[in-house]
Protein chains: 2
Amino acid sequence: MSDTHSLDTLVQALRRLPGVGQRSAQRMAFHLLQHDRPGAQALAQALDAAVQQVRHCRLCHTFTEAEVCATCLDPRRDASKLAVVETPADQAALERTAAFRGRYFVLMGRLSPLDGVGPQDIGLHELLARASDGLVQEVILATNFTAEGEATAHVIGQALKARGLTVTRLARGVPAGSELEYVDLGTIAHALVDRR
Amino acid sequence: MSDTHSLDTLVQALRRLPGVGQRSAQRMAFHLLQHDRPGAQALAQALDAAVQQVRHCRLCHTFTEAEVCATCLDPRRDASKLAVVETPADQAALERTAAFRGRYFVLMGRLSPLDGVGPQDIGLHELLARASDGLVQEVILATNFTAEGEATAHVIGQALKARGLTVTRLARGVPAGSELEYVDLGTIAHALVDRR
Ligand SMILES: [Zn+2]
Ligand SMILES: [Zn+2]
């Protein structure tokens, strides 16, 4: 047992955070112990509280402390439209637009066969049940426009269409405020195909 | 109280880590709660243990769980040489070279008047006492070769020399393995001035 055992253990624990390597973890541990011990204690308490209290909404799978999240409980939301997003952060991005007032299903991930993430891990079965509740008229696939996000949208879309549901996808196109000269070719090509 | 209060609190607590903004903090919280709850609990425990157990070595100021750290206690180390470094990470870098077998004083920071970090915050008084113990023959300034590190070395060096102590500084020069063509001009100029 070295005389810095608890410090070494802290550095290893910080390395489990995504995007944090050995050097970042050391810098974080140094900062907390040298300059912000109250911050270290606040973080420890926040981690414990979140692990104990955060669970998944029974209806949309996002993080919540209740059985059903506030969005799903909101009676003003349009039950005929269901947006499918990858993460709570993506849902928050959609909410910030104030352009969508329907309901959500949050996959809490994306299909990634190479990482062993299959349909059961993104709740495909529960999504199909949710979309077949008789109220949903349109499912809007709002997964990311990455290779994995597109593949996820494709698989989910096929499964929903096989049940006779109407499925749409967010439009690909030129970002608002862009000058065409500076937009990449693939984006312009997609904007042409999806032209209104 | 929202239904994601503990999640929001966790994101805010993660933002107190250096280099972690809102988006990184959200990604970390998502990762821990969705994929690594044992990691979150391990981190909480490691934080609590480190805050409780890690203190500063009475002699060299580095982090330790004992009153005096293992390096300071090691009788095989040369008490006539004292290297002054900014952080435990810098000390570890020097140790990896196996080229220094003396003792250390760890400033646990650097002078930074704009951030309110003055001589008392880097233990200048304690360093002067340590270097005047009658055993130390040479103090090697091994602060970083940044503007703040150089300024820190200058201030410490002046104070040590005023007490009649021999003070040296790590050589500036061309990194081992470098081709001159790709080395910046300032480094080459310093290597010329400090030529052997
Ligand atoms: Zn919900
Ligand atoms: Zn020590």
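Being a predicted model, the structure only gives us computed values, none of them experimental.

## Considerations on the coordination of the zinc ion (ligand 2)
The expected angle between donors at a tetrahedral four-coordinate metal is 109.5 degrees. At an octahedral six-coordinate metal it is 90 or 180 degrees.
So, point 1. Within the protein, the zinc ion (ligand 2) binds to Cys57 of chain B (SG), Cys60 of chain B (SG), Cys69 of chain B (SG) and Cys72 of chain B (SG); these donor distances fall in the range 2.3 Å.
So, point 2. Coordination at the zinc ion (ligand 2) is tetrahedral, judged from the four donor atoms that bind it and the angles of 105 to 117° they form at the metal.

## Details of the relation of the copies chain A and chain B
So, point 1. If you rotate chain A by 180° and push it 0.1 Å along the axis, it lands on chain B with an RMSD of 0.2 Å. On the angle and the small slide along the axis, the relation comes out as a two-fold axis. Distance from the rotation axis, computed per C-alpha, reaches its smallest value in chain A at Ala44 of chain A: 2.0 Å.
So, point 2. Both copies present the same face, since 100% of the interface residues in chain A are matched by interface residues at the equivalent positions in chain B.

## Brief notes about the interface of chain A and chain B
So, point 1. On the side of chain B, 50 residues touch chain A, which itself brings 50 residues to the contact.
So, point 2. In this assembly, chain A packs against chain B so that about 4,500 Å² is buried in total across both faces, 67% of it on carbon and sulfur atoms.
So, point 3. When the buried area of chain A at its contact with chain B is split by residue, Asp3, Arg16 and Phe63 of chain A rank highest and sum to 14% of it.
So, point 4. With a closest N to O distance of 2.9 Å, Asp36 of chain B and Arg16 of chain A form a salt bridge.
So, point 5. Inspection of the region where chain A meets chain B yields 18 residue pairs in polar contact (both at pLDDT 80 or more).
So, point 6. For the side of chain A that touches chain B, the elements supplying multiple residues, two or more each, are α1 (5–14), α2 (22–35), α3 (37–53), β1 (55–56), β2 (63–64) and α5 (88–97) of chain A.
So, point 7. Broken down by element, the residue count for the side of chain A that touches chain B peaks at 15 residues, all from α3 of chain A.
So, point 8. Residue composition of the side of chain A that touches chain B, by class: 28 nonpolar, 14 polar and eight charged.

## Things to note about the coordination of the zinc ion (ligand 1)
Residue and element names in this part refer to chain A.
So, point 1. Coordination of the zinc ion (ligand 1) by the protein is provided by Cys57 (SG), Cys60 (SG), Cys69 (SG) and Cys72 (SG), with metal-donor distances spanning 2.3 Å.
So, point 2. The coordination sphere of the zinc ion (ligand 1) comprises four donor atoms, whose angles at the metal cover 104 to 117°; the geometry is tetrahedral.
So, point 3. Linear spacing of the donor residues for the zinc ion (ligand 1) on their chain is C-x2-C-x8-C-x2-C. Here the residue Cys57 occupies a position in the loop between β1 and β2, and Cys72 occupies one in helix α4 (residues 70–73), the gap between them amounting to 15 residues.
So, point 4. Taking relative accessible area as the criterion, Cys57 reaches 1% and is therefore assigned buried.

## Topic: the UniProt feature "zinc finger region: C4-type" (unreviewed entry) in chain A
So, point 1. In the UniProt entry, the feature "zinc finger region: C4-type" (unreviewed entry) is given for residues 57–72 of chain A.
So, point 2. The straight-line gap between the two end C-alpha atoms of residues 57–72 of chain A is 8 Å; of that span, 19% is helix and 12% is strand.

## Notes on the packing of helix α2 (residues 22–35) of chain B against helix α3 (residues 37–53) of chain B
So, point 1. The interhelical angle for the contact between α2 of chain B and α3 of chain B, taken along N-to-C directions, is 115°, at an axis separation of 5 Å. Contacts between α2 of chain B and α3 of chain B involve Leu32, Leu33 and His35 of chain B on the former and, on the latter, Arg37, Gly39 and Ala40 of chain B.

## Points about the sheet that holds strand β6 (residues 166–169) of chain A
All names here are of chain A.
So, point 1. The parallel open sheet is built from four strands, whose spatial order is β4-β3-β5-β6. Both edges of this open sheet fall to β4 (102–106) and β6, since each of them pairs with a single strand only. Taking the axes of each pair of neighbouring strands and ignoring which way they run, one obtains an average angle of 25° across the sheet.
So, point 2. Where strand β3 (residues 78–85) meets β4, five bridges bridge the pair, whose relative direction is parallel. When the sheet's bridge partners are listed, Val84 is paired in β4 with Phe105.

Definitions and limits used
- Residues numbered from 1 in each chain as written.
- Chains lettered and ligands numbered in written order.
- Predicted model: local features only at pLDDT ≥ 70, side-chain atom pairs only at ≥ 80, totals over all residues.
- Heavy atoms only, no water.
- Donors = N, O, S within 2.8 Å, 3.2 Å for Na, K, Ca; no water.
- Tetrahedral: all angles 85-135°; square planar, octahedral: opposite > 155°, others 65-115°.
- Least-squares fit on C-alpha atoms with pLDDT ≥ 70 in both.
- Contact = heavy atoms within 4.5 Å.
- Buried area = accessible area lost by both parts, 1.4 Å probe.
- Salt bridge = Lys/Arg side-chain N within 4 Å of Asp/Glu carboxyl O.
- Polar contact = N/O pair within 3.5 Å; in protein donor to acceptor, adjacent residues only side chain to side chain.
- Helix = DSSP H or I, 4+ residues; strand = E, 2+ residues; numbered from the N terminus.
- Nonpolar A, V, L, I, M, F, W, Y, C, P; charged D, E, K, R; others polar.
- Buried < 20%, exposed > 50% of the residue type's maximum accessible area, 1.4 Å probe, protein only.
- UniProt positions renumbered as here; feature names shortened; annotations may be inferred.
- Axes fitted to C-alpha atoms, helices over the stretch in contact; angles between N-to-C directions.
- Pairing = 2+ DSSP bridges.

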